[in-house]
Amino acid sequence: FFSSLLMATKRLPRRSDESGSSEDFGGDVVRLKPYQYIHVHDNNSNCSHVILGPATFTRQEHEHILNQPQQCIAIPPRHYCVVENPVIRTSTGELVKDKHGQAKVRLGDKEIRLHQEPFPLYPQEVLVNHEILPLRVLAPNTALRLKALRDFEGRSAGDEWLFEGPATYVPKIEEAIVEERAATILKPNTGLLLRARSTCTDRMGTKRQAGEEWLHIGTGAYLHGVEEEIVQTVQAKILTESRAISVEAVRNFVDVFGSERHAGEQWLVTSSMTEAYLLGPNEKFLGNVDLTVVGPSQFCMVVDPWRNGKQLLGQREVRRGRTQFFLNPGESLEDGIVDVYVLGAEEALLLTANEGFKDVDADGKEVQRQPGDRWMIYGAREFVPSVHLTVVEKRRSIALDQNEGIYVRDTKTGTVRSVIGETYMLAPNEELWKKPVSQAVLEKLQAGPRERSSAVVARDPTRVVSYNVPHNCVCQVYDYKSRKPRIIFGPDMVKLGPEEEFTMLKLSGDRPKRAGVISTLCLSLGPDFMTDIVQVETSDHARLSLQLSYNWFFDCKHGDVAAGTKVFNVSDFVGDACSAMASRIRGAVAGEPFDTFHKNSSAIIQAAVFGVNKETGKPRDKLEFKNNLFVVTSVDIQSVEPVDSKTREALMKSVQLAIEITTKSQEAAARHDAERREQIAKGQLERQIIDDKAKSEKEKMVLLGLQAESAAIESTGASKAEAKAVAAAAEIEGQSQVNIAKLRAEAQRVAVEAELRAEDIKKQAELGFQEEMNKLELEKAGQLAEIETNKFKSSVESIGRSTIAAMARAGPEMQAKLLKGLGLQGYLMTDGTSPINLMNAASQLTGGAAL
C-alpha cells in the first residue's frame with residue numbers, strides 16, 4: 001500500500017507556471033479517492049487550500065484546480081523524507097493559518113518527516129528530490145562523523161562528533177554527515193600512527209596538542225576520534241639473529257626501552273632487544289643491517305669503529321675470524337671481508353707503512369717502520385695486515401725458461417735490466433717494466449717473415465721481446481743507449497734488451513714497384529728473385545711494357561758482422577736496385593729501333609743491365625752494388641707488350657705476315673714433295689715397261705731360233721719333219737703365247753701396282769697437305785678472331801659505354817623527333833602488295849589515344 005502511494009506520488013508532479021496561476025485540471029466536479037488530494041485556488045481571496053479525499057469536489061466559478069489528483073506522501077517504516085518550505089503546526093499538530101486562512105510555511109527551511117500517516121503536500125511545500133530515503137543503519141566498528149550546521153541542543157555551529165554503531169541514524173536538519181568511517185583492524189606487530197587535528201584528549205584519555213603524532217599499539221578494532229586522523233599503518237620490523245635495523249632519532253625523546261635519545265642520534269635495534277620493533281613518530285628507519293660473519297680464514301677492516309659507546313672517527317680496527325657482529329651506524333668495512341693472505345714457498349707480499357710503528361721482522365728483531373717504507377714478507381705462512389700498513393701487491397716467483405726473460409726496473413735508481421733464464425723474485429725496490437713496442441713490430445713478431453700481418457694477439461709487455469731469425473736471413477738490432485747496431489744471422493733467436501729496438505725495413509713491392517709495400521724485420525741473403533714492370537721507348541718512339549725477373553743474392557757470408565752491417569746500408573734495396581736497372585734498360589732501348597729490339601731484346605737488356613766486357617765484347621755475368629753487397633745474377637724477360645695501340649697493331653700485322661709466309665712455305669714444300677714422289681713413280685713405271693720389252697725381245701730371239709731349227713728339220717724331212725715341225729711349232733707357239741701372256745700379265749700387274757703406289761703416294765701427299773692447310777687455317781682464324789676481339793674491345797673502351805648507348809638511342813630518338821616535328825601521332829607503311837586489316841588498323845589509329 002505504501003509502495004503504491006509512493007509510486008503514485010512520483011508519477012503526479014505539480015504543474016504551475018511562473019506567475020503563480022495554475023492550469024485548470026479536470027472538469028467542474030472532481031472525485032477524489034482515499035489518500036488523494038488536490039490544490040484549489042480561490043480567486044476571490046487569492047488563497048490556495050487542500051482538498052483531501054475521499055471526497056467529491058464541485059468547482060465554483062471563482063475557483064481553479066491547480067493540479068490533478070495526487071496521492072498522499074506515504075513514508076514506510078524506517079524511512080524518511082525531506083520537505084522544503086514546510087507548514088507550521090502547533091504542539092498538538094494543528095496547522096497554523098494566517099488571517100486569510102492560508103497555511104503558514106517556513107520559507108527556506110526544511111523538515112525531516114519520519115514514518116506517519118500518509119499526508120498531502122500543502123501549497124509551496126516541495127518534496128526534496130521527489131524521493132523517500134531509508135534510514136542509515138550503522139554496523140559495529142563504524143561511525144558517522146557529524147557536523148553541526150546551527151546551534152542546537154547545547155552544540156554550536158561547526159562542532160563535530162561521532163555517531164557510533166551499531167545503531168540506526170535518524171537525520172536532523174541541524175546537522176550534516178561529513179563522512180562515514182570504519183574502525184581500523186590492527187593485527188599483531190602492527191601499529192597505527194595518529195595525528196591530532198587540534199588540541200584534544202584522545203580516545204585513550206591522553207591529552208594531545210594540535211599536530212602531535214603518536215603511535216597506537218594494540219590488537220583488534222580501533223575507531224579513531226573525531227579530532228584524530230590516521231597518518232599511516234605501521235608494520236613492525238621483524239628482527240632475527242642475522243638481521244637488525246638501524247634507527248635515527250628525529251627529535252629528542254625517550255624510546256620504548258627507556259633510553260634517552262637525542263635528535264640525530266643513530267643506534268641499532270637487534271633481536272636480543274625485541275623480536276619485532278614498531279617505529280614511532282620520533283624515529284626514522286635507516287635500513288636493515290645484516291649480520292657480518294667472518295670465517296676462521298678471513299679478516300675485515302672496520303672503519304670508524306665504536307668502542308665503549310663512542311665512535312672513533314678516522315680510526316680503523318682489524319677483526320679476524322671466527323667472529324660475527326652487526327655494523328653500528330657510521331661503521332663500514334674497508335674492502336669487505338677479505339681472505340687471510342696464505343703465502344706459498346714461492347710467494348711474497350709487498351707492504352708499505354702508512355704511519356710510523358714498531359714491527360718485528362722475520363728474524364724476530366724489533367724494527368721501527370717509517371711512513372712510506374716498503375718491505376716484503378716471504379712464505380710459507382699466513383698473514384693478516386695491521387692497521388698501520390697497506391698490502392701493495394702479492395708477488396710470486398717468476399719461472400723463466402732459457403729463452404724467456406722479463407724487464408725489471410729499479411724504483412730507486414730508475415735503471416732497467418733484463419733477467420733471462422732463471423727463477424726470479426722481485427725485490428721491494430723493483431717492479432716489472434713494460435717495454436713499448438710499436439704496432440708494426442708486433443705484427444711482424446707474430447707473423448712469419450714472408451707472411452702477411454694478421455690481427456695482433458695481446459702480449460705481456462713485461463716479457464723480453466724475442467724474435468726467431470729464419471735460416472739464411474740477417475737481422476739488425478740497434479741499441480740506443482750505446483748507439484751501436486747488433487747483427488744476428490739466422491737461424492737464431494734475438495732477445496731485445498731494454499734499450500734495443502728492431503730495425504724495421506720498408507721494401508718496395510708490387511708490379512711495378514711501389515715504395516713501402518713490404519715491411520720486414522730481417523733480410524733474406526738469397527739467392528732469390530724479384531719481378532718488375534718497366535716501360536721503355538725505342539728510337540722510333542715505340543713504347544713497350546717489359547715484365548722482367550731478376551735473380552739476386554747478397555754477397556755476405558754467414559757470421560761476417562761487417563758485411564752484415566753493409567747489407568743494411570740501403571733501407572730499400574729492392575726499390576734502389578730496380579730503379580737503377582730500369583734506368584739502364586730505358587737508356588739502352590732508347591737507342592734501338594723497334595724491329596732491332598724485337599729481334600734482339602734479350603741481348604740488349606742483358607748488355608744494358610750487366611754491361612759489356614771490353615776484352616771479350618760479351619755481357620758480364622753479374623751486376624754488383626758495392627754499398628750494400630747486393631748482386632744481380634740474371635735477367636729474365638717474361639713478357640713484352642706494346643703500350644701504344646698503333647705499335648700493337650703493327651706488331652700484330654708483322655706476326656700475321658710471318659704466319660702467312662710460314663704457311664706458304666709449308667704449302668710449297670708439300671707440293672714439291674708430292675711432285676717428287678710422282679716423278680719417282682713415273683720413272684719406276686717406265687723402267688718396268690722397258691724391262692718387259694727387253695724380256696719380250698729375248699723371247700722373240702728364242703722363237704726365231706726355233707723357227708730356223710724347224711725350217712732345217714723341214715728341209716730334211718717332208719711329212720715327218722713337217723708334222724714334227726708343225727707339232728713343235730705349235731708347242732713352241734703355244735708355249736710362247738703362254739710366256740707372252742704371263743709376261744703381259746706380269747707387266748700389267750707391275751704397271752697397276754706402280755700406278756696404285758703412285759696414286760697412294762699422291763693421296764697421302766694431298767691428305768698431309770690438306771691437314772697442314774687446315775691447321776694453318778685454324779691458327780689463322782684463331783689469331784684473326786683474337787685480333788678482331790681486341791680491336792672490338794679497344795674500340796668499345798675508346799668509344800665508351802655512354803657513347804654506344806647514345807648511338808643506339810640516336811635512331812629511335814631521331815625518328816620520334818621527326819614524327820613530332822611532322823605532327824603525326826602514327827603512320828602506316830605498305831608496299832601495296834600486302835593486304836591490310838583496315839578495321840584493326842583504324843581502331844588502333846583512332847582508338848589508341850582514347851585507350
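Residues numbered from 1 in each chain as written. Predicted model: local features only at pLDDT ≥ 70, side-chain atom pairs only at ≥ 80, totals over all residues. Heavy atoms only, no water.

A. Spotlight on the overall build of the protein chain. When helices and strands are tallied, the protein chain shows ten helices and 58 strands. At 69 Å, the protein chain has a C-alpha radius of gyration far larger than the 29 Å of a compact globule built from 851 residues. Referenced to the eigenvectors of the C-alpha coordinate spread, the extents of the protein chain come out at roughly 225 × 125 × 75 Å. Counting across all 851 residues of the protein chain, residues that qualify as buried make up 33%. Put simply, 61% of the contacts in the protein chain that link residues at least 6 apart link residues at least 24 apart. Put simply, the protein chain shows about 52,400 Å² of open surface, and 51% of that area lies on carbon and sulfur atoms. (Helix = DSSP H or I, 4+ residues; strand = E, 2+ residues; numbered from the N terminus. Rg over C-alpha atoms; globule rule 2.2 N^0.38 Å. Buried < 20%, exposed > 50% of the residue type's maximum accessible area, 1.4 Å probe, protein only. Contact = heavy atoms within 4.5 Å. Areas by Shrake-Rupley, 256 points an atom, 1.4 Å probe, with all protein chains shown as cover.)

B. Quick look at the layout of surface pockets. The computed volume of the second largest pocket comes to approximately 610 Å³. If you list the elements that add at least two residues to the lining of the second largest pocket, you get β58 (630-642), α7 (645-716) and α8 (719-799). If one sorts the elements of the lining of the second largest pocket by residue count, α8 sits on top with eight residues. Looking at the lining of the second largest pocket residue by residue, the classes come out as five nonpolar, seven polar and eight charged. (1 Å grid on protein atoms, 1.4 Å probe; cavity = no way out; pocket = protein on both sides within 12 Å on 5 of 7 lines; lining within 4 Å. Points joined across faces, edges and corners; volume = space filled by probe spheres on them. Nonpolar A, V, L, I, M, F, W, Y, C, P; charged D, E, K, R; others polar.)

C. Local environment of the sheet that holds strand β17 (residues 190-196). Strand order in the open sheet formed by three strands is β20-β17-β22, with antiparallel pairing between adjacent strands. Of all strands in the sheet, those with a lone pairing partner are β20 (213-217) and β22 (228-235), marking the two edges. Going across the sheet, the axis of each strand differs from the next one's by a mean of 30°, ignoring polarity. Judged from the seven bridges that link them, β17 and β22 form a sheet pairing that is antiparallel. Of the residues in β22, the one forming a bridge with Ala196 is Glu228. (Pairing = 2+ DSSP bridges. Axes fitted to C-alpha atoms, helices over the stretch in contact; angles between N-to-C directions.)

D. Quick peek at the packing of helix α4 (residues 573-590) against helix α6 (residues 601-610). For the pair α4 and α6, interaxial distance at closest approach is 8 Å and the crossing angle is 130°. On the basis of the axis angle, α4 is oblique to α6. Here the hand of the crossing between α4 and α6 comes out right-handed. Listed contacts from α6 to Met581, Arg584, Ile585 and Ala588 of α4 are Ile604, Ile605, Ala608 and Val609. Residues belonging to the contact of α4 with α6 are distributed by class as follows: seven nonpolar, no polar and one charged. (Parallel < 35°, antiparallel > 145°, perpendicular 65-115°, else oblique. Left-handed = near helix turned anticlockwise from the far one by under 90°.)

E. Summary view of the pairing of β58. By the bridge criterion, eleven bridges tie strand β56 (residues 543-554) to β58 in an arrangement that is antiparallel. Looking across to β58, one finds that Tyr550 is bridged to Val635. Judged from the three bridges that link them, strand β57 (residues 623-625) and β58 form a sheet pairing that is antiparallel. Counted as the bridge partner of Leu623 is Val632 from β58.

F. Local environment of the environment of Lys99. Mapped onto the secondary structure, Lys99 falls in the loop between β7 (79-84) and β8 (110-113). Separated by 470 residues in the primary sequence, Lys99 and Asn569 place their C-alpha atoms 144 Å from one another.

G. Representation of the environment of Glu260 in the model. Position of Glu260 relative to the elements: it lies in strand β26 (residues 260-261). Dropping the residues within four chain positions of it, Glu260 is found in contact with Phe253, Val254 and Glu265.

H. Spatial organisation of empty space enclosed by the protein. This structure, assessed with the given rule, holds three cavities of 30 Å³ or more. What the largest cavity holds in volume is close to 50 Å³. In terms of lining, the largest cavity is formed by Gln656, Ile659, Glu660, Lys780, Gln783, Leu784 and Ile787. Contributing elements (two or more residues each) for the lining of the largest cavity: α7 and α8. Broken down by element, the lining of the largest cavity gets its largest block of residues, four residues, from α8. By residue class, the composition of the lining of the largest cavity is three nonpolar, two polar and two charged.

I. Here's a closer look at unusual backbone geometry. In this structure, the amide linkage connecting Arg511 to the following residue, Pro512, adopts the cis form with an omega of -5°. Residue Gly526 is joined to Pro527 through a cis peptide bond whose omega torsion reads 0°. Locating Pro527 in the fold gives a position in the loop between β54 (522-524) and β55 (528-537). With a phi close to 50°, His130 is a non-glycine residue in the positive phi region. Structurally, the position occupied by His130 is in the loop between β9 (126-127) and β10 (133-134). Accessibility expressed as a relative area gives 53% for His130, which makes it exposed. The backbone of Glu153 sits at a positive phi, close to 50°, despite the residue not being glycine.

J. Representation of the sheet that holds β55. The strand order across the open sheet formed by four strands is β55-β56-β58-β57, and the pairing between neighbours is antiparallel. Bordering the open sheet on either side are β55 and β57, each of which pairs with just one other strand. On average, each strand axis in the sheet is inclined to that of its neighbour by 35°, with strand direction left out of account. On top of the sheet, α4 reaches β55, β56, β57 and β58; it is set at about 40° to β55, its chief contact. α6 contacts β56, β57 and β58 of the sheet and is inclined by roughly 145° relative to β58.

K. Representation of the packing of aromatic side chains in the model. Counted according to the given criterion, the structure contains 16 aromatic pairs. Where Phe299 meets Tyr341, the ring centres are 6.3 Å apart and the plane angle is 45°; that geometry is what we call tilted. Placement of the pair is Phe299 in strand β31 (residues 298-303) and Tyr341 in strand β37 (residues 341-343), with a sequence separation of 42 residues. By relative accessible area, Phe299 is classed as buried at 4%. Members of the aromatic cluster, joined through ring pairs, are Trp552, Phe554, Phe573, Phe625 and Phe630. If you follow Lys237 out to its NZ or CZ, it ends over the ring of Phe285, 4.1 Å from the centre. (Phe/Tyr/Trp six-rings, centres within 6.5 Å; stacked < 30°, edge-to-face > 60°. Lys NZ or Arg CZ within 6 Å of the ring centre and 35° of its normal.)

L. Inspection of the side chain of Ser397 at higher detail. Here Ser397 is to be found in the loop between β43 (389-396) and β44 (405-410). On the accessibility criterion, Ser397 (17% relative accessible area) is buried. Residue contacts for Ser397: discarding those within four places in its chain leaves Glu346, Thr423, Tyr424 and Met425.

M. A look at a nonpolar patch on the surface. Together, Val256, Phe257 and Met273 make up an exposed nonpolar region whose accessible area comes to about 270 Å². Take Met273: it is sitting in the loop between β27 (266-269) and β28 (276-277). (Patch = residues over 30% accessible without salt bridge, like charges linked within 9 Å, V, L, I, M, F, W, Y side chains within 5 Å. Salt bridge = Lys/Arg side-chain N within 4 Å of Asp/Glu carboxyl O.)

N. Just the pattern of salt bridges, in detail. Scanning the model with the defined rule gives 46 salt bridges in all. Between Glu624 and Lys626 there is a salt bridge, with the nearest N and O atoms lying 2.7 Å from each other.

O. Fine view of the side chain of Thr352. Take Thr352: it is sitting in strand β38 (residues 347-353). Assessed through its relative accessible area of 17%, Thr352 is described here as buried. Polar side-chain contacts of Thr352 include one of 3.3 Å to the backbone oxygen of Asp373. Once you skip the residues sitting within four places of it in the chain, Thr352 turns out to touch Gly372, Asp373, Arg374, Trp375, Leu389, Thr390 and Val392. (Polar contact = N/O pair within 3.5 Å; in protein donor to acceptor, adjacent residues only side chain to side chain.)

P. Broad picture of helix α2 (residues 439-446). Within the sequence span of α2, burial applies to Val441, Leu442 and Lys444. End-on, the buried residues of α2 take up no more than an arc of 165°, which puts them together on one face. On the buried face of α2, the contacting elements are β47 (466-469), β51 (500-502) and β53 (514-520). (Arc of directions from axis to C-beta.)

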